[in-house]
Structures are given as structure tokens and as C-alpha cells.
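# Tertiary structure, described
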Amino acid sequence: MTITRGDPAHPPSPVEDAAAAGRSPARRSHVPNDGSADAAAVERARKAMLHEARDLKRTRIGADVVCEALLRQGVDVFFSYPGGVILPLYDVLGDYPELRHVLVRHEQGGAHAADGYARVTGRVGVCMGTSGPGATNLVTGIGTALLDSVPMVAITGNVPSALIGKDAFQEIDINGITLPMTKHNYLVRDADDLPRVIAEAFHIARTGRPGPVHIDITKDALQQETRAEHPSEAEVVAGLPGFRPNLDGHGRQLKLAAAEIASAKRPVILAGHGVLHAQAWDDLRAFAEKTQIPVAWTLLGIGVIDEAHPLAYGYMGMHGWKHVNRAIQSADLLIAIGMRFDDRVTGNVRTYAPYARIVHVDIDPAEIGKNVAVEVPIVGDAGRVLRALTPMVAAVDPATRAEYFDQLADWKADSIASSWHGSGAWRDGLLSADYVIERIGELTDHEATYVADVGQNQMWLARYTGFRHPNSHVSSGGLGTMGFSVPAAMGAALGRPDRETWAITGDGGFQMTSQELMTLVADHIPVKIALLDNKKLGMIRQWQEIIYGGNYHSASLPGPDFAKLADAYGIPAFRARTPGDVDDAIRSAQAVDGPALIWFEIAEEQNVFPMMPAGKGLSDLIEKWGGADE
Amino acid sequence: MSGDPGSNGKAPRAAAPSVAHPPAHSAPPPRSLPGGGETRRHVLVAVVLNKPGVLNRVASLMRARNFNIDSLAVSHTDSDDVSRMTITLHGDDVAVEQAAKQLYRLIDVLKVQDVTSEPTIQQELALVKIRATDSNRAEVLKLVELSRGRVVDLADGSIIVEATGTETEIDAFVALVRTYGIKELVRTGAVVMARGSGSIEEAIKR
């Protein structure tokens, strides 16, 4: 192992520099009601905002309304980048010290950070940017949040309303751009509308199926004097007659579901992100235990059940565990909860779960019957449906499922034996990515927040970490946004400062948003970055090897000296090239008080197996390729 | 499909046999895909909040979800803050139900109803500028009168006829006068209202 800088026990961290400069090195906690001084200040400010506008020694303008509204919503931190038309907001931010502003280095990083914050806390993440390029830079992050149903409010400035439509400097029709990729969006030209719009935006973002809401505010609205009052939650609901999510499952449908469950011999629960959104992990476990039904999960459903639980069966889908996909293919009943039968989960729908009847629970009626036809549709909140359904089903004696469970156990043993470390890396003495991930999981006691990037690293993380807690896994599933992990981990670390936060990324994704390293340093955000460097776009290379006949165009991706890069930002870096280096490197990074980077130089041509080729079915998994050992 | 989010998934597959041990020797039948049924013309009524951009939201959603709108008519209702859209599109029942559910996700949409199978009054208005010379004007006017069209403009060489009726009736009228030469044609798209005393607008919980 090479340590590029300092002594791992006493790394010269930016925190110490800050202390030397007379600033407080203490990390600020923003978890509501955690007893810390910061959290108490936010709560005091929030309560004050509920009653009256702050006593300002100047005119109250639209920008003040934005800050007041954020505090009223309990926002403690937001991620933003200034620009011409949003400067009125920056002009008043100093009057609201309870609102922590994180100055990101690129708006996309801000959007992902808000996303990561929202995913680990279950609260609404907030990001901001200016008009034009500031707004378009947010777009990738907003899209990521939409596809994964993450509650987010994105605020942008726009040119003064008199200039709208005149192709003014840094003017773009951002409202038109975000329209198809938000749950709802607003253009505000009048400060008097701001209290209502912001309250509605938060309500929409977090209610029902969560999602991003974008608010575009003209510069003159931010500067305009206003006395408009903030609405109550009841007034907000009354003002949105078209938004009444159905939370409780229909009684008749619940009865049908209970009947299906009673007669099923080989049932499987498919749990998704909706269970986490509904905070229904305890309800899910109670339901599974009572009915003795094994639980499989989607990529975003990771953490719905402790992986050490006897009924936790595994991660499904394209790169999921073979035993899980076999169980789905032989099931006679699938109970899908808060998941949407994405093509990465089903493969070819024609051959998907051919023996199974399907009970589908989702809060969004449009998801039911969209990708697969189902027998029992239930529209409702995962938690409420599970709490209503559990008393309606009979407790099942596990002995009556002995034959089924034996087969599941056999499949699991077989699957783990055949795919564990399923690459040639070991044979050649190279560093195997799955081993790295497994060690990170072990050495963090499975207690950290793990934030994936996209590609092979994402699949290795999903398969080998061993997740034991809800919301401990953050991953860009639907949009598959490379460059997600470092900025999202930044938000996740601020949202859950009580847990270690690890960003697991590849060399490709890391190079897309590495500018946020500076934000980690400047704001003392202690993210540990595990960079799995195979000097390739690994998933691209894998597809080219297996599907495109070895035509490796653009798969090779030269990168910089990542240790020097981290060093330039003042981030301690550690390097691991062999399996023997791994534990030391992880422990060294953990010992750093602040961000740290580990440069894992993994085998260059390792594949993720099993793999379901696009367009094929769950029974068509590729488990090996090339050499006999692979 | 109605706007009621509780009703959905109307197309269950045929009950698969409950198989404790799936037979290894026989391939199971392929799972049917949602939709794939017979394509026909559907009429959706959407009651929406009268807010800026709501038409754009509806149109954008239909485009993004790969539905092709045949016609779209929008107007105020008796209530100033509520507008009503009549959307006609072709698709199988499941696909159109999916379109209706997607529309229902829009915050500004209060209610969506597929009235295709309900007894309704459907009307569309067309203005047709027909070439009419001195020699055949009388013949054209006779035809218009028989078709219950109304002449709204008479000029040298042409007449403008207003025709009202169902989409099929207007199709037929247009086909009939095409021989004389159509200089211009504009149609409003269908507007529709269910027969009887029930009211889609009153059914909205406000």
C-alpha cells in the first residue's frame, strides 16, 4: 500500500487547517431534534417562521420569502451555486444563518447532493442554481430524482419578467425543459405568489409518490417587496384539488390479495423503493414473517430488510443473484410492493415469471398494469397496505413450506458458490472488485451509508456489501447517472452525520463530477471515496466483450494519477493494488477525520456475473464467459 | 378508466394453473403483455385547472408517453378556473387506460374519463371553403342544404360552409364536396358530453 501523503494516523486534514485558522473544526449536525446546538437553532427558527415573518431592519422581499419558506419546511441545508439573477437571494442569505448553504462546484453536484440527502433522510432535498446554464446543469440531477421518485425541490432564478422571451443573457426556457421531468413545476413572476408556490412544491414533492418539483423565480420577483403570508398545510391541500393521492388500499382488493396469498405454494415478495419511501420496513418484515414468504428486492429496494434475516432472499434482476431470479421464474405468486417492473428487473416480459399470478401494490395507479399485466392491483401506500393486509392473512407455519424453503436454500448455496468472486482476477493475483466491496462492508460493520455510482461498481456494491439497514444504500437506478456517487454521498453525509458515508465509484463516473472534492474539503464533509479503477468503462467493456464481439471502442479510459488529484485538493489518498493492501487502506481512510480517497487498482477485465443480456429473460443468465475459470 | 385511482388493471391474464412444482419438460405459455388488444378510437374527457401551461403539460405528456392525439378540443367550463379537454386518440383499451392514468398524475388534472363506451353526444364543427363557380354554385348549394350544412360566406369563386356533426358525418360531408375542390378546411375536433343527468364536472370533489 502506498500512502501518498502524511501519516494515516495523523493525516494533515483540512479540518486541522481550519482549526489553525481559528475556525471551528467541529462538524455541524443538522439532524432535526438530535440535541445539537445547530439542530436546535434550526428548530427555533422554523418555529419562529411558523408564526411571523422575521423582524427585518429592511424591506421584506421575495428572496426573504424563499428563506422563510425553507425554514418553515424544516430545511437545514441546501446545495447551490450563485449567478446573476439569483444574487438577490444570496444578498439576504446572511440574515438566515440557520440555513446552511453548501457552495457546490457545479450545479449538477448540487442536485445530486440534494438527492442523496433526501434518500438517506426521507426528507425533501433542496438545490438551487441561477438561470440559463445554472438551470440546465441541474437538469441531470432533477431527472435522476424523477426516475427514482426522490423528493426534491429545485429552485432557479430567471431573468426579470420583462425580459422573458427576449433571449436575454443566460435566459433559457427552463420551465419548458423541466416540465416533462418533474412531478410539477412553477414559474413565479410575482413575489406575492412565492409563499403558496413553495409550500405547494414541498407538499407535492413529498406526498404520494415522491418526486422533484422545480420552481423558477424571476429576478424581479426575488427583489419585489411583499407582505404575502405563508399558507397553512390545510390551505395548501385545499389549493391542490387535482392532487389527492390514494393512500389506503381498496378493501375488496386487499381481500383478493389475501386469498391469493392463502392459496400460494411458492410465493415471493418483490420489494422496491416504495417500501423505503413509506418507511414500511418493519411492516414488511412483520408481513413476511407472518406469511413466511421470502423477500427479494430491487436495486432501489436494497435495505428493505436486513440481509441477515432468514427470509431475506436477495437482489433480483439483470445482475441480481441467480437464485433470486430462479425463485421468481418458478414462483406461483409474486407480491410486488412499491416496485414498477422495470425492464432491468423483468427482462423479456413474455418469459417473466411464467407460472406466477401477481399482486401489485403501488401508490401510483399508472405503474399498475404498465409493464406487466397483474391479477390483483392495489393502489396505496406500501406501509398502509401492509398494515391492513397483515391481519387479513393467516400465520403460516414454516414447516408447511419446508420443501419450498429447502429448494430455495439449495439454489442460494449453489448460486453463491458459483458466482462468488466469479472472475479470473483471483487466478492472476489481481485485485478483485467484489472482494474490495465485501471488505468495505465488513470493516464498516455494515453500518455506513453506501453510495454507488453507475456501472459495474454499482452492481458489485448491490451484490456484495451486505446491507442491514434501510436507506443505507443510495444508487441512481432509473436514470443510471454516472458521476452520481461523490456528490450524492456529500448530501448523504450531511443528512446522516451519525453514519460513515462511503462513495463507491468507478474511474469513469468519478471523472465526471470530481470537482466536488473541493466542496468536501471546504465544507468538511467526511465522505470516504472508494475508487474502483480498472482504467476502463467496465460495463461498456463487458457489453462489448459479450454482446459486440470484442469491439472495444472507447472502453479504455485513461485517468490521471488519482492520488495526486486528491492530494491537490488536500484530501488524503491511499492506494491498494493487491488483496493484501485492502484492509489497511480502508482502515486508514476511516482514521482520517474528513474526506479520504482510496485508489483501488482492480483487475482491468473483470465482469459482473451473472448477467442477463438486454432483451432476454431472467432464465437466460450468462454466468461465465471466456476462460474456464472466469 | 375513470379518474378514480382505485380502479385499474382491468386486464388480468387468464388464471395460470397453480403449480407447486413447475414441470421441467413443458415450456410455460408466454406471459401476455399489457395491451396488445384491438385498436379503436377512444374519447377521453379531461377536466383540468385553468392554469397557464396546462395544455402544454397534457400535450407534452402524451408525446413523451408515445400516444398520438387525433384531436384535442379545449375550452372553459361554466367555472372560470376549470377547463375541459376532449381528447380523441387511437389505441387498445389498456394503452388508453394507461394514457388516462398518466394524465391523472398531472397536478392540474382534476378528472379523466374514457367515455368511449358510454352513450354520449359528440359534435364537431368544420369550416370548408369550397370552390364554386357560376356554373356549379347552385349544385353545391343544393348539396350543402341536403347535408344540413350552413353557408356562412359567399364570394366570387368560392363559398364557406359550416358543417356540424359527428366526426363520421363531417368526414362524409368533406368527401362529398371534395369533387368540387376544397380550398381550405378547418375542424375543431370533437367535443363530447355524456347523455343523461350525470355530470363529470359535478363529480369532482373540490
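Residues numbered from 1 in each chain as written. Chains lettered and ligands numbered in written order. Predicted model: local features only at pLDDT ≥ 70, side-chain atom pairs only at ≥ 80, totals over all residues.

### Thoughts on the overall build of chain B
Regarding its fold elements, chain B presents 4 helices and 9 strands. Going residue by residue from the N terminus, the α and β elements of chain B occur as β-α-β-β-α-β-β-α-β-β-α-β-β. Excluding contacts between residues fewer than 6 apart, the proportion of contacts in chain B whose partners are at least 24 apart in sequence is 76%. (Helix = DSSP H or I, 4+ residues; strand = E, 2+ residues; numbered from the N terminus. Contact = placed C-beta atoms within 7 Å.)

### Examining the overall build of chain A
Counting its secondary structure elements, chain A contains 25 helices and 19 strands. For chain A, whose C-alpha radius of gyration is 25 Å, the value lies close to the compact-globule estimate of 25 Å for 630 residues. The principal-axis extent of the C-alpha atoms belonging to chain A is close to 75 × 65 × 50 Å. Counting over 630 residues, chain A shows a buried share of 58%. Considering only contacts in chain A between residues 6 or more positions apart, those separated by 24 or more positions represent 76%. (Rg over C-alpha atoms; globule rule 2.2 N^0.38 Å. Buried ≥ 20, exposed ≤ 12 C-beta atoms within 10 Å, placed from the backbone.)

### Digging into the sheet that holds strand β2 (residues 69-76) of chain B
Residue and element names in this part refer to chain B. With respect to topology, 4 strands assemble into an open sheet ordered β2-β3-β1-β4, the strand pairing being antiparallel. Every other strand in the sheet has two partners, leaving β2 and β4 (109-114) as the edge strands with one partner each. Sheet twist, expressed as the mean angle between neighbouring strand axes with direction ignored, is 15°. Its contacts with the sheet place helix α1 (residues 54-64) against β1 (40-49), β2 and β3 (82-91), and it is angled at close to 145° to β1. With respect to the sheet, helix α2 (residues 93-105) is in contact with β1, β3 and β4, its orientation differing from that of β4 by roughly 170°. (Pairing = 2+ DSSP bridges. Axes fitted to C-alpha atoms, helices over the stretch in contact; angles between N-to-C directions.)

### Considerations on the pairing of strand β13 (residues 376-379) of chain A
Residue and element names in this part refer to chain A. With burial as the criterion, each face of β13 is covered, one bearing Val376 and Ile378 and the other bearing Pro377 and Val379. As judged from the 4 bridges shared by strand β12 (residues 357-362) and β13, these two strands associate in the parallel manner. Note on β13: the bridge partner recorded for Val359 is Val376.

### Some words on the environment of Phe169 of chain A
Residue placement: Phe169 of chain A occurs in the loop between β5 (152-158) and α7 (174-178). Spatially, the C-alpha atom of Phe169 of chain A lies 7.9 Å from that of Val159 of chain A, the residues being 10 residues apart in sequence.

### Structural notes on the domain arrangement of chain B
All names here are of chain B. Each assigned domain of chain B is listed here: domain 1 (40-114) and domain 2 (120-191). For domain 1 and domain 2, the distance between their C-alpha centres works out to 29 Å. Counting from both sides, the interface comprises 6 residues of domain 1 and, opposite them, 4 residues of domain 2. Only β2 and β3 provide two or more residues apiece to the side of domain 1 that touches domain 2. The residue makeup of the side of domain 1 that touches domain 2, split by class, is 3 nonpolar, 3 polar and no charged. (Domains from an automatic or database assignment. Nonpolar A, V, L, I, M, F, W, Y, C, P; charged D, E, K, R; others polar.)

### As for the domain arrangement of chain A
Often, the extent of an interface is quoted as the loss of accessible area upon association of its parts. All names here are of chain A. Partitioning chain A into domains gives domain 1 (31-238), domain 2 (251-415) and domain 3 (423-601). Relative to domain 2, the C-alpha centre of domain 1 lies at a distance of 37 Å. Of the residues lining the interface, 6 residues belong to domain 1; the matching set on domain 2 comes to 6 residues. Its residues assigned to classes, the side of domain 1 that touches domain 2 shows 1 nonpolar, 3 polar and 2 charged.

### A short note on the sheet that holds strand β3 (residues 100-103) of chain A
Residue and element names in this part refer to chain A. Pairing in this open sheet of 6 strands is parallel, and the strands run β3-β2-β4-β5-β7-β6 from one edge to the other. Sheet topology places β3 and β6 (184-188) at the edges, where each strand pairs with a single neighbour. Here the strands of the sheet are splayed against their neighbours by 20° on average, with no regard to which way each runs.

### Examining the interface of chain A and chain B
Each partner contributes residues to the interface: chain A has 35 residues there, and chain B has 33 residues. Here the side of chain A that touches chain B is composed, by residue class, of 18 nonpolar, 9 polar and 8 charged.

### Quick word on the confidence of the model for chain B
All names here are of chain B. Within chain B, residue pLDDT values average 85, and 86% of them lie at 70 or more. Across chain B, the element-wise mean pLDDT spans from 91 in helix α3 (residues 137-146) up to 96 in strand β8 (residues 182-187). The low-confidence segment residues 1-20 (pLDDT under 50) makes 46 contacts with residues lying over four places distant or belonging to another chain. The ipTM, which scores confidence in the relative placement of chains, is 0.85 for this predicted complex, and the corresponding pTM is 0.90. (pLDDT = per-residue confidence, 0-100.)

### Observations concerning unusual backbone geometry
All names here are of chain A. Geometrically, the link from Phe609 to Pro610 is a cis peptide bond, its omega value of -5° lying close to zero. Note on placement: Pro610 falls in the segment after β19 (596-601). Non-glycine residue Asn471 carries a positive phi angle of around 55°. Relative to the assigned elements, Asn471 resides in the loop between α19 (456-464) and β15 (473-474). Classification of Asn471 by C-beta neighbours within 10 Å gives buried; the count is 23. In the Ramachandran plot, Lys535 falls in the positive-phi region, its phi being about 60° despite a non-glycine side chain. Tracing the sequence through the fold places Lys535 in the loop between β17 (527-533) and α23 (538-546). Owing to 16 C-beta atoms within 10 Å, Lys535 belongs among the partly exposed residues under this scheme.

### Re the confidence of the model for chain A
Residues with a pLDDT of 70 or more make up 91% of chain A, whose mean pLDDT is 91. Every residue in residues 1-26 of chain A is under pLDDT 50, and counting partners more than four places away or in other chains gives 41 contacts.

### A closer look at the packing of helix α5 (residues 107-121) of chain A against helix α20 (residues 485-495) of chain A
When two helices pack together, their arrangement is captured by the angle between the axes and the distance separating the axes. Residues and elements named next belong to chain A. Two elements in contact, α5 and α20, have axes whose closest approach is 6 Å; the angle formed by their N-to-C orientations is 45°. The angle between the axes of α5 and α20 places the two elements in the oblique class. Both α5 and α20 take part in a crossing whose hand is right-handed. Across from Gly109, His112, Ala113, Ala114, Asp115, Gly116, Tyr117, Arg119, Val120 and Thr121 in α5, the residues of α20 making contact are Pro487, Ala488, Ala489, Met490, Gly491, Ala492, Leu494 and Gly495. (Parallel < 35°, antiparallel > 145°, perpendicular 65-115°, else oblique. Left-handed = near helix turned anticlockwise from the far one by under 90°.)

### Observations regarding α1 of chain B
Residue and element names in this part refer to chain B. Three or more residues of α1 are buried, namely Val54, Arg57 and Val58. All buried residues of α1 lie within an arc of 95° about the axis, which places them on one face of the element. Exposed side chains of α1 directed beyond 90 degrees from the buried face belong to Arg63 and Ala64. Summarising the contacts, the buried residues of α1 are in contact with β1, β3 and α2. One or two positions beyond α1, positive phi appears at Asn66, with a value near 70°. (Arc of directions from axis to C-beta.)

### Some points on the environment of His203 of chain A
By the element assignment, His203 of chain A lies in helix α8 (residues 194-206). Owing to 20 C-beta atoms within 10 Å, His203 of chain A belongs among the buried residues under this scheme.

### Brief notes about the pairing of strand β7 (residues 212-218) of chain A
Residue and element names in this part refer to chain A. Buried residues dominate β7, accounting for 7 of its 7 residues. Residues Pro212, His214, Asp216 and Thr218 point to one face of β7 and Val213, Ile215 and Ile217 to the other, with burial holding for every one of them. Pairing analysis gives 7 bridges linking β5 to β7, with the strands arranged parallel. The residue of β7 that forms the bridge with Ile155 is Ile215. Across 5 bridges, the pairing between β6 and β7 is parallel. The residue of β7 that forms the bridge with Tyr186 is Ile215. Handedness of the β-α-β unit built from β6, α8 and β7 comes out right-handed. (Right-handed = clockwise from strand over helix to strand, strands pointing away.)

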